[in-house]
Every structure is written in structure tokens, then in C-alpha cells.
Amino acid sequence: MATTYQLKRADFVFKNENDWEQVLSSIIRRSPQELINELISSELKGRGGAGFPTGLKWKITSELKADKKYVICNADEGEPGTFKDREILQRVPYKVLTAMAACGYVIGSNEGYIYLRGEYKFLEPELLKVIDEFEYFCKEINLDFKVKIFMGSGAYICGEETALFESMEGKRGEPRNKPPYPSTFGYMGKPTVINNVETLAHAFTIFKYGAKKFYDLGVQYSRGTKLFSVSGDTPKPGIYELELGMSLQDFVYEFGDGDTKAVQVGGASGFLVPRKKFADTAIGYQGKLTGISLPTGGSMMLFNSSRSMFNVLDNYLEFFREESCGQCTPCRVGCQQLLIGIKAVKRGERPATYLDKLLRLTETMQYTAKCGLGQSVANSFSSIVENFREEMIY
Amino acid sequence: MSPIQSLIKDLADQYGRKRESLLPILQGVVEQEKYLSEYSMVEIAREIDIPAAEVYGTATFYSFLEVKKMGRFIIRVCKTITCSMKGKSQVLFAIQDMLKIKIGETTADGRFSLLETNCLGLCHKAPAMLINNEVYTDLTPEKIREIISDYMTK
């Protein structure tokens, strides 16, 4: 049992600050280079889940010469168990807009887009009002920056950055080959910075309070705070801002219902951690010295002992099978076969050793699938099958 | 000019006649008509001058762009993990009992369609559903009966 209780709460993202006008004015008084250095020294990493250093992203795009560049805010939040971006856009949209304008100023772009998922259409009217107000202020301080909302239409895969560009270009949301990366070849083939909603909200904090304040939170390689979307078997579901680097044991101690059997970290494309590994698991980006460190887009789903892990896996695979764009064979056929496979084992039509064959299939998918969707099916599949093998069979 | 033709023309005037305008135009038609008929997809193709197969291919990729006739109110119940753990099935049964339709069907009066959908991003208030763009959370069969009877009079 954890004797020292180490969950560190924070309150930056949702803190209501009515001074975005001053923050934005002070941002454009500084040089782009200074702002990039500030972001790089804060060690802010992408909060969508992949964890690419945000400062570096801005830097690469700022150094390119092009007639047109774009700033895109990725609000296609589709990972099962994540709901923080919706809340940010509902409660502190001006922080996101300010950071977008800052990015536009740094890279030399006057056009921003928010790609809002179709499921969040109800946010659109309110958001348009805020954008109006925001653009009016930009004009006042002679900052040429416009923001448009682009609505998605119900496709998980469009959260993948290149699929998102394809979708904005009026095509099927099928991921492109990488490289080239968005920094050089993004929307309409132009250099594009694409950031998650939460990343932009943190950038606001960094520009307002300075990089040091952000850097001092969290642990090595995982600096700052992160919003966690907590759901499942917990007495207090909701969104919590916590410092990175916490141990999963502490997390469960705070949010569990006393009977937590496993926690899914990072949504359906993340990892399932069983009870016996809680103490050895930390939440943060890769590179921590001891134990396992799991990255997450913020989805934390708790399961208690009344839940069948077979049903959980079955639900995930159904999700992936439907949301796979169908472009590359390993993912399209792989997802279908995994679902058929675990059902066959459960019904006794296949021997238990068939599970090992399926594990090898996920390995193949990890190596050969074109984008993150197909590659990450292996994460949840192998962590569930390896830790709860008997539940898959009986 | 048929009403759909003029709707498409208006949308094209608003969003432009480029490939990038395709999704907003498709969404605009769905907003009005609730679905994309073959006729409207061909008309869209004609209006922005791209092959009709491209329009069809794009439309069928997105789960919120229906190509089958839908009711006036489209109910989308979230079926992803948290909602399914927190009683999605009872919610679905309650809806099916009231409307006498199964998943994927539309009521005879053309008022309601019932669909399942993937994660709505409301897991902390599960189970959740959308009726058109409206969000309903923390659902119970009792709540469903109230919400649906409300819609029955609309």
C-alpha cells in the first residue's frame, strides 16, 4: 500500500483568467525566436498522446519559406475515455485561440483552423461567438490572424494528423505516408503546425507564467501537468489536472473504488495495467529511469473485479474494426480477424494456443500498419491477453 | 430547379466550388435532409465538377453522413466501453420499447431513427446519446422515457 501519498493536483488549464488580451499583446511584443526558446525550455510535449516536443514543431515550421502556412488545432477527440478537449473548448476557449495566434505569429501564418469532431457540433455556436470577439481584438492590435472552424463528420481516424488534412481537403480521411511530416507538407501541401487542444492551452500557461513554472512541475522527460479524463468504475469520474510522473498506485488510491482490477491507460489504443503492476507503473512519456512509464492522451478508465476483460477487449476490437479506414491491409483485415479470433477461442471453437497466433498477428500489425491506429491495436490486445489469459478462454 | 438543387447551389455559393468545399456542402445537405440521396450526391458532383464516385466515396467514409433515408430525429447511442459498462443496453431497450424499432431502423412516421455510435467523449457522464446535435447524459430508462416522449410531440 502506498504510505506516502503523492498525487499532485494542479490548476492551470481551467483557471479562469480574463487577461488573454494582455497576454496576447505581450506575446507579439516578443520576438518569434524568444517564444520558441520559451516553449523549448519548458519541454512541453504534445498532449494528444504522441508526445512530440511542441517547441520543436513550431521551430521547424518557422524556419521554412512558403507563401502560405497553417495553424491547426486538433479537436477531433475520439479516443475512448477522453473528454478533456471538449471541456477546454467549452470553458477556456480563448486560451486555445491565443496560443493559436501566438503560433501564427511565430511561424508566419495568418490562417488557423479548429478541426472540431462532428460529435461536438453543439459547441460550435458558442465557439463562433468567442472567435468573433477574438478576431476583433486581433484587428485592434494589428495582428493579422483568422480562425475558422472545420467540422468533422464522425471518424476516429481523422484525429491522425495527416488523415485530418485529407478530410479538410474534402477527401476520405485516410492517413498519408510519413514522411513528409506536417511541419513541411501539411494542409494543402503547405507547412502546417498541428497541435492538440490541450497542448495549446498549456502553451498559453507557459507564455503567461514563463517556462520555468511549467518545467518545475512533473518529472524528468515528463514536465508539466496533464489533464486526465477519469471514467469507468470510480466514485468520482471527471477531469483532473495532475502533475506528470505519478505512480499508478497513487492514482488508483485516489480514484479507485477499492476494488480496482485494472486500469486502461491511454484509451483503447493504450495499455491495460493489471493490479499487480500498479506500483511499478508511472504515468508520463517514455524515458523515465525506473519501472514502466506509460504515455497517455489522458484517458484513464478503471475496471473493478465485476468486469470481464473479455468484454472489454471485445468492445475495443469492435471499435477498431469500425474505425479502421480500410486503406492498408494489416489494419483492415487484422482488426476483423482479431475480433473473430477471440470470439472463436471463447466459444471453444479454437484451442487456447490460438491466442498466441493472434498475438503474433498484432505484432505484424505493429510493424506493417500505415498509421498509429493499426500499430497501436497491439498495445491493448497484448496487455489484456497476456495479463488476463484465463478470462479470454473460460 | 428542385429544392435540393437550389440548396446545393446555395451551399456551393457559401463554401466555394473547390474540392475542400465538399465536406461542408455534404454536411449542409445532411443538416437539412438528414441524409444524402443518390440524387443529391450526383447534383453535388455536378455543382463542384468532380466525379460522382468521388462524392459517394467521401460521403460513405464518414459515419455522420448517412446515405440511407433517415428520420427527422436521429438518435445515436454511444456503445463504447464506459457507456456499455454503465448500462447502455438498458437504455437501448427502453428506446426500442418506446419506438418499436431496432438499431438501424426508422419509425414508420419518419420521425425517429435509432443508431449506435462510437465514443461521444462523455464517458464521465455515461451512458450518453445524441439526438441530432443535442447531447443527453447520465441516462436511465426512466430518463429515456421522458426525453423520447418530449420528442414525440415535436
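Since we're looking at a predicted model, the values are computed, not measured. (Residues numbered from 1 in each chain as written. Chains lettered and ligands numbered in written order. Predicted model: local features only at pLDDT ≥ 70, side-chain atom pairs only at ≥ 80, totals over all residues. Heavy atoms only, no water.)

Quick look at the domain arrangement of chain B
So, step 1. According to the domain assignment, chain B consists of domain 1 (3–61) and domain 2 (73–152).
So, step 2. Placing a centre on the C-alpha atoms of domain 1 of chain B and another on those of domain 2 of chain B gives a separation of 28 Å. (Domains from an automatic or database assignment.)

A closer look at the packing of helix α6 (residues 88–99) of chain B against helix α7 (residues 141–152) of chain B
For any two helices packed against each other, the geometry is given by the interaxial angle and the distance between the axes.
Residue and element names in this part refer to chain B.
So, step 1. One can describe the packing of α6 onto α7 by two numbers: an axis separation of 9 Å at closest approach and a directional angle of 35°. By crossing handedness, the relation of α6 to α7 is classed as right-handed. Of the residues in α7, those touching α6 at Q90, V91, A94, I95, M98 and L99 are P141, I144, R145, I148, S149 and M152.
So, step 2. Split into classes, the residues belonging to the contact of α6 with α7 amount to nine nonpolar, two polar and one charged. (Axes fitted to C-alpha atoms, helices over the stretch in contact; angles between N-to-C directions. Helix = DSSP H or I, 4+ residues; strand = E, 2+ residues; numbered from the N terminus. Left-handed = near helix turned anticlockwise from the far one by under 90°. Contact = heavy atoms within 4.5 Å. Nonpolar A, V, L, I, M, F, W, Y, C, P; charged D, E, K, R; others polar.)

Overview of the sheet that holds strand β10 (residues 271–274) of chain A
Residues and elements named next belong to chain A.
So, step 1. If you walk across this open sheet you meet the five strands as β8-β7-β13-β9-β10, and the pairing is mixed. In this open sheet, the two strands that pair with only one neighbour each are β8 (238–243) and β10. When strand polarity is set aside, the average angle formed by the axes of neighbouring strands in this sheet is 30°.
So, step 2. As judged from the four bridges shared by strand β7 (residues 225–232) and strand β13 (residues 299–304), these two strands associate in the parallel manner. Within β13, the position partnered with S229 by the bridge is S299.
So, step 3. Across the sheet, helix α4 (residues 84–91) is in contact with β7 and β8; its angle to β7 comes to roughly 115°.
So, step 4. Running at roughly 150° to β13, helix α11 (residues 309–323) makes contact with β9 (260–265), β10 and β13 of the sheet. (Pairing = 2+ DSSP bridges.)

Focus: unusual backbone geometry
So, step 1. Here the residue pair A:P179 and A:P180 is connected by a cis peptide bond, since its omega of 5° sits within 30 degrees of zero.
So, step 2. The omega torsion across B:A126 and B:P127 is -10°, close enough to zero to call that bond cis.
So, step 3. Among the structural elements, B:P127 can be located in the loop between β2 (112–117) and β3 (129–131).
So, step 4. Phi at A:M188 is positive, roughly 55°, even though this residue is not glycine.
So, step 5. With respect to the helices, strands and loops of the structure, A:M188 is situated in the loop between α7 (161–168) and β4 (192–196).
So, step 6. What makes A:M188 partly exposed here is its relative accessible area of 35%.
So, step 7. Positive phi is not limited to glycine here, since B:K34 has a value of about 75°. (Buried < 20%, exposed > 50% of the residue type's maximum accessible area, 1.4 Å probe, protein only.)

Some details on the side chain of A:S269
Residue and element names in this part refer to chain A.
So, step 1. Structurally, S269 can be placed in the loop between β9 and β10.
So, step 2. Taking the relative accessible area as the measure of exposure, S269 reaches 16% and is therefore buried.
So, step 3. Only 3.0 Å separates the side chain of S269 from the side chain of E79, close enough to count as a polar contact.
So, step 4. Not counting the four nearest positions on each side in its chain, S269 is found in contact with E79, Y156, F320, S376 and N379. (Polar contact = N/O pair within 3.5 Å; in protein donor to acceptor, adjacent residues only side chain to side chain.)

Structural notes on α7(B)
All names here are of chain B.
So, step 1. For α7, which comprises twelve residues, the first-to-last C-alpha distance of 16 Å matches the rise-based estimate of 16 Å (1.5 Å per residue) to within 8%.
So, step 2. Here α7 has its buried residues at I144, I147, I148 and Y151. What you see down the axis of α7 is that its buried residues fit within an arc of 95°, all on one side.
So, step 3. Next to the buried residues of α7 lie β1 (73–78), α6, β2, β3 and β4 (134–136). (Expected span 1.5 Å × (residues − 1). Arc of directions from axis to C-beta.)

Things to note about the side chain of A:E166
All names here are of chain A.
So, step 1. Take E166: it is sitting in helix α7.
So, step 2. Since its relative accessible area comes to 13%, E166 is described here as buried.
So, step 3. In contact with E166, not counting residues within four places along its chain, are K171, R172, G173, E174 and R176.

A closer look at the pairing of β7(A)
Residue and element names in this part refer to chain A.
So, step 1. Counting buried residues along β7, eight of its eight residues qualify, which places the element largely inside the surrounding structure.
So, step 2. When β7 meets β8, the two strands line up antiparallel, connected through six bridges. Within β8, the position partnered with F228 by the bridge is Y240.
So, step 3. Counting the residues that bridge the hairpin from β7 to β8 gives five residues.

Describing the pattern of salt bridges
Residues and elements named next belong to chain A.
So, step 1. Applying the stated criterion to the full structure yields 45 salt bridges over all chains.
So, step 2. The salt bridge partner of R91 is E87, with a shortest N-O separation of 3.3 Å. Taken as a pair, R91 and E87 lie in helix α4 at a separation of four residues, close to a single helical turn.
So, step 3. Looking at E87, the relative accessible area reads 16%, which means it is buried.
So, step 4. Here E160 ties to K178 by a salt bridge, and the two come within 3.3 Å at their closest N and O atoms. (Salt bridge = Lys/Arg side-chain N within 4 Å of Asp/Glu carboxyl O.)

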